[in-house]
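Chain by chain, the residues run as shown.
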Amino acid sequence: MGWHHYLSLRNLAEHREGLRLYTEAHPVFSILIFMGVYALAVMLSFPGAGLITITGGFLFGWIEGAVGALLGATLGACIIFEVAKSSFGSFLARRAGPKLARFQEGFHRNAFSYLLFLRLVPVFPFWLINLAAALTGLPLRIFAPATFIGIIPACLVYAYVGRGLDGLISRQLAAQAACAAQNGAENCSLELPLSSLITPDILLAFAALGLMALVPMAVKRVWGSR
């Protein structure tokens, strides 16, 4: 339907003033909408959850945006988790293909620690983990807290990126205006690649996230030696 075109830094920059004004006028309602959109995106396996979290940090601030993303993502994951445990799960399993089987053995060994590790390492597809956990019969009382705890670092990192987005947009708009003055507006466009968000402090934050991913393995090694 083309909705993914709305999920871009350029679109966020073009509507930032309107979004800011609405957020300031309706702070509680705005963050509830944000959480609902995030939950829906997770339920539909919509790509770009990281950019949604960046938007939350941009609109609400680092901590508030991270908390909103954390609650929305956990809610959406729990809903699709319960859906996958129903008769609809067999259809989802066929769509996932053979990638699903390699996760299931880990859930049978130590469900909470394994799920926590998968959440801490943001290279595994979020939707696939939800599906694998559901089809192995994992109870919601284990799935929900492991998901909530495991995505805290990633939510904090991406929301922190969003906190510095306003300065980047201002610089790029100034560059676009300068280009338009020299070459004409039709020859200049607003450029906001995701790579422009990578700064030394962001690299440090991602390094910390990578170290967090090693915690479950370290704990397992200590427990195993005992």
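Heads up: the structure comes first, above all this text.
Residues numbered from 1 in each chain as written. Predicted model: local features only at pLDDT ≥ 70, side-chain atom pairs only at ≥ 80, totals over all residues. Heavy atoms only, no water.

> Account for the overall build of the protein chain, naming residues and giving values.
Regarding its fold elements, the protein chain presents 14 helices and zero strands. Mapped in sequence order, the helices and strands of the protein chain form the string α-α-α-α-α-α-α-α-α-α-α-α-α-α. Restricting the contact set of the protein chain to residue pairs at least 6 apart, pairs at least 24 apart contribute 79%. With an accessible surface of roughly 12,700 Å², the protein chain has 67% of that area assigned to carbon and sulfur atoms. (Helix = DSSP H or I, 4+ residues; strand = E, 2+ residues; numbered from the N terminus. Contact = heavy atoms within 4.5 Å. Areas by Shrake-Rupley, 256 points an atom, 1.4 Å probe, with all protein chains shown as cover.)

> Could you give me a rundown of the nonpolar core, with the residues and numbers involved?
Of all hydrophobic cores here, the largest spans 41 residues; its most connected members are Tyr-38, Phe-103, Phe-107, Leu-115, Leu-138, Phe-143 and Leu-165. What Phe-143 contacts, discounting residues up to four positions off in sequence, is Ala-77, Cys-78, Phe-81, Leu-115, Arg-119, Asn-130, Ala-133 and Leu-138. (Core = buried A, V, L, I, M, F, W, Y, C linked by side-chain atoms within 4.5 Å. Buried < 20%, exposed > 50% of the residue type's maximum accessible area, 1.4 Å probe, protein only.)

> Tell me what's going on with the side chain of Thr-74, and back it up with residues and numbers.
By secondary structure assignment, the location of Thr-74 is in helix 5 (residues 62-84). Classification of Thr-74 as buried rests on a relative accessible area of 10%. Excluding residues within four positions of it along the chain, Thr-74 makes contact with Ala-144, Thr-147, Phe-148 and Ile-151.

> Now, about the packing of helix 3 (residues 27-43) against helix 4 (residues 49-60): what can you tell me, with residues and values included?
Relative to each other, helix 3 and helix 4 sit at 175°, their axes nearing to 11 Å. Considered as vectors, helix 3 and helix 4 are oriented roughly antiparallel to each other. On helix 4, the residues that touch Ser-30, Ile-31, Phe-34, Tyr-38 and Ala-41 of helix 3 are Ala-49, Ile-52, Thr-53, Gly-56 and Phe-60. Of the residues in the contact of helix 3 with helix 4, the class split is seven nonpolar, three polar and no charged. (Axes fitted to C-alpha atoms, helices over the stretch in contact; angles between N-to-C directions. Parallel < 35°, antiparallel > 145°, perpendicular 65-115°, else oblique. Nonpolar A, V, L, I, M, F, W, Y, C, P; charged D, E, K, R; others polar.)

> Give me the lowdown on the environment of Ile-152, citing residues and values where you can.
Along the chain, the position of Ile-152 falls in helix 11 (residues 152-163). Taking the relative accessible area as the measure of exposure, Ile-152 reaches 29% and is therefore partly exposed. Taking the C-alpha atoms as reference points, Ile-152 and Ala-66, separated by 86 residues in sequence, lie 7.9 Å from one another.

> An account of a nonpolar patch on the surface is requested, with residue identities and associated values reported.
Where nonpolar side chains cluster on the molecular surface, the patch consists of Trp-62, Ile-63, Val-67, Leu-71, Phe-112, Phe-148, Ile-149 and Leu-156 and spans about 620 Å² of accessible area. Elements represented by at least two residues in the nonpolar patch include exactly helix 5 and helix 10 (140-150). With four residues, the single largest contributor to the nonpolar patch is helix 5. Mapped onto the fold, Trp-62 is located in helix 5. According to the relative accessible area criterion, Trp-62 is partly exposed, its value standing at 32%. (Patch = residues over 30% accessible without salt bridge, like charges linked within 9 Å, V, L, I, M, F, W, Y side chains within 5 Å. Salt bridge = Lys/Arg side-chain N within 4 Å of Asp/Glu carboxyl O.)

> Outline the packing of aromatic side chains, listing residues and values.
Working definition: an aromatic ring pair is given by the centre-to-centre distance plus the angle between the planes. As enumerated under the stated definition, the model contains four aromatic pairs in all. When the centroid spacing of 6.0 Å and the interplanar angle of 80° are considered together, the rings of Phe-34 and Tyr-38 count as edge-to-face. Here Tyr-38 and Phe-34 lie together in helix 3, a separation of four residues that amounts to about one turn. The residues Phe-34 and Tyr-38 share a single accessibility class, namely buried. Three or more aromatic residues joined by ring pairs make a cluster, and in this case those are Phe-34, Tyr-38 and Phe-60. The ring of Phe-58 carries the charged tip of Arg-20 above its face, separated from the ring centre by 4.4 Å. It is Arg-119 that lies over the ring of Phe-126; its NZ or CZ is 4.2 Å from the centre. (Phe/Tyr/Trp six-rings, centres within 6.5 Å; stacked < 30°, edge-to-face > 60°. Lys NZ or Arg CZ within 6 Å of the ring centre and 35° of its normal.)

> Quick one: what's the story with the environment of Gly-57, residue by residue and with numbers?
Structurally, Gly-57 can be placed in helix 4. Remark: the alpha-carbon pair of Gly-57 and Gly-162, spanning 105 residues in sequence, is separated by 4.4 Å. Setting aside residues no more than four positions away along its own chain, Gly-57 makes contact with Trp-62, Gly-65, Ala-159, Gly-162 and Arg-163.

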